[in-house]
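In case you want the letters, here they are:
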Amino acid sequence: MSFYVVGKRRNSVNRPPTPDAVEDQEKEPTLQEIINTKMIESGEKEKLMELLRERLVECGWKDEMKALCRAYIKKKGTNNVTVDDLVHVITPKGRASIPDSIKTELLLRIRAFLASAAL
């Protein structure tokens, strides 16, 4: 029996993971995961999310994103646009247009949290 078909190697069958692969999946959490867990447990993550929402509204970012969405829908037609289309088109623009001052403020708050939590 040959494992080659017209010069191409046949795909392997699905097999359960080897014991080594299972051990790799059970590794200790990463630093990022630990920080995220601590921020959630302390309520700091929700506070930061609320601060971000407030700052984005204050600077007009939210209205700018709404306008971009409306313009895209108008251009493509209401029946020709999905939420996924909007997310795909608007997300890069939205991320790029967040003011540096807001990013800096959040970063400073995260650093202060890490210092106080001794992580």
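Just above sits the structure.
Heads up: these notes are all about the structure in this document. What you see is a predicted model; the values in this text were computed from it and never measured.

## Digging into the layout of surface pockets
The gaps of empty space that remain are located by a probe, the size of a water molecule, rolled over the atoms. Of the voids in this model, the largest pocket is the one considered here, and its volume is about 190 Å³. Together, Q32, I35, N36, M39, K45, L48, M49, L52, L106 and I110 line the largest pocket. Elements with a minimum of two residues in the lining of the largest pocket: helix 2 (31-42), helix 3 (44-58) and helix 6 (100-117). For the lining of the largest pocket, the class distribution of residues is seven nonpolar, two polar and one charged.

## A look at the packing of helix 2 against helix 6
Two elements in contact, helix 2 and helix 6, have axes whose closest approach is 11 Å; the angle formed by their N-to-C orientations is 90°. Considering their axes alone, helix 2 and helix 6 lie roughly perpendicular with respect to each other. Where helix 2 approaches helix 6, its residues I35, K38, M39 and S42 are matched on the opposing element by I110, F113 and L114. Looking at the contact of helix 2 with helix 6 residue by residue, the classes come out as five nonpolar, one polar and one charged.

## Regarding the nonpolar core
One finds M39, L56, W61, L86, I98, I102 and L106 to be the most contacted residues of the largest nonpolar core, which totals 15 residues. Listed by contribution, the elements that provide at least two residues to this core are helix 2, helix 3, helix 4 (61-76), helix 5 (83-96) and helix 6.

## Here's the deal with the packing of helix 4 against helix 5
At a minimum axis distance of 10 Å, the contact between helix 4 and helix 5 shows a crossing angle of 140°. Classed by the angle they form, the pair helix 4 and helix 5 counts as oblique. In the packing of helix 4 onto helix 5, the handedness of the crossing is right-handed. Here W61, M65, L68, C69, Y72 and I73 of helix 4 lie close against helix 5, whose contacting residues are D85, L86, V89, I90, K93 and G94. Tallied by class, the residues present in the contact of helix 4 with helix 5 amount to nine nonpolar, one polar and two charged.

## Here we look at helix 5
Between its first and last C-alpha, helix 5 extends 20 Å over 14 residues, near the 20 Å set by a 1.5 Å rise per residue. In helix 5, a bend of some 40° at I90 exceeds every other bend along the element, and P92, a proline, comes one to four places later. Residues L86, I90 and G94 constitute the buried set of helix 5. In this fold, the buried residues of helix 5 make contact with helix 4.

Criteria and cut-off values
- Residues numbered from 1 in each chain as written.
- Predicted model: local features only at pLDDT ≥ 70, side-chain atom pairs only at ≥ 80, totals over all residues.
- Heavy atoms only, no water.
- 1 Å grid on protein atoms, 1.4 Å probe; cavity = no way out; pocket = protein on both sides within 12 Å on 5 of 7 lines; lining within 4 Å.
- Points joined across faces, edges and corners; volume = space filled by probe spheres on them.
- Helix = DSSP H or I, 4+ residues; strand = E, 2+ residues; numbered from the N terminus.
- Nonpolar A, V, L, I, M, F, W, Y, C, P; charged D, E, K, R; others polar.
- Axes fitted to C-alpha atoms, helices over the stretch in contact; angles between N-to-C directions.
- Parallel < 35°, antiparallel > 145°, perpendicular 65-115°, else oblique.
- Contact = heavy atoms within 4.5 Å.
- Core = buried A, V, L, I, M, F, W, Y, C linked by side-chain atoms within 4.5 Å.
- Buried < 20%, exposed > 50% of the residue type's maximum accessible area, 1.4 Å probe, protein only.
- Left-handed = near helix turned anticlockwise from the far one by under 90°.
- Expected span 1.5 Å × (residues − 1).
- Bend = angle between axes of the 7 residues up to and from the residue.

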